[in-house]
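# Inside the fold
Chain by chain, the residues:
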Amino acid sequence: MDSLRLMTAEEFVTTGDTDDDIEPRWNELLAGRVVSFQPPPPEHGAVVLNFAKAIAAYLQKATDEKGYAGFETGLLIAQNPDTVRRPPISFFVDRKSVV
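Here's a quick rundown of the structure. The structure presented is a predicted model; accordingly, all values stated were derived computationally and were not measured. (Residues numbered from 1 in each chain as written. Predicted model: local features only at pLDDT ≥ 70, side-chain atom pairs only at ≥ 80, totals over all residues. Heavy atoms only, no water.)

With that out of the way, let us pick up the layout of surface pockets. Each pocket or cavity is described by its volume, and for the second largest pocket that value is around 150 Å³. Among the residues making up the lining of the second largest pocket, the classes are represented as five nonpolar, three polar and four charged. (1 Å grid on protein atoms, 1.4 Å probe; cavity = no way out; pocket = protein on both sides within 12 Å on 5 of 7 lines; lining within 4 Å. Points joined across faces, edges and corners; volume = space filled by probe spheres on them. Nonpolar A, V, L, I, M, F, W, Y, C, P; charged D, E, K, R; others polar.)

A separate point is helix α2 (residues 42–61). An α-helical turn contains 3.6 residues, so any two residues separated by three or four positions project in the same direction. Taking 1.5 Å per residue as the helical rise, α2 with its 20 residues ought to reach 28 Å, and the 30 Å between its terminal C-alpha atoms agrees with that figure. Structurally, α2 contributes buried residues whose contacts are with β3 (68–71) and β6 (89–93). (Helix = DSSP H or I, 4+ residues; strand = E, 2+ residues; numbered from the N terminus. Expected span 1.5 Å × (residues − 1). Contact = heavy atoms within 4.5 Å.)

Omega for the peptide link from N80 to P81 comes to 5 degrees, which places this bond in the cis form. Relative to the helices and strands, P81 resides in the loop between β4 (75–78) and β5 (83–85). One non-glycine residue with positive phi stands out, namely A31, at about 50 degrees. The topology assignment puts A31 in the loop between β1 (27–30) and β2 (33–36). Classification of A31 by relative accessible area gives partly exposed; the value is 37%. Positive phi, close to 50 degrees, is recorded for E72, a residue that is not glycine. Positionally, E72 belongs in the loop between β3 and β4. (Buried < 20%, exposed > 50% of the residue type's maximum accessible area, 1.4 Å probe, protein only.)

Okay, the environment of F51 next. As for its placement among the helices and strands, F51 is situated in helix α2. On the basis of relative accessible area, F51 is assigned to the partly exposed category, the value being 47%. Sequence separation of F51 and I89 is 38 residues, and the distance between their C-alpha atoms is 8.3 Å.

So this is what it looks like as structure tokens:
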């Protein structure tokens, strides 16, 4: 891809190619440009798991709120130029994301 041309979200999710050795899940698309992040330390996984458990416990007790958690889900948050973020955990309610 031409380095001056911006990538679309569709192109971003269909390609696994990166300029480095970082696996695609550690990449995000920010304003049409691929940005690579270093993988987090192992403790990060424990924090995400504990947060997910807290969300699940909350939802089991909540009678008036329904939702679900997503993990490292690619979220299209802007277009023209496109931005796709992959937060460690997202909470979805009524088809909207609260990150």
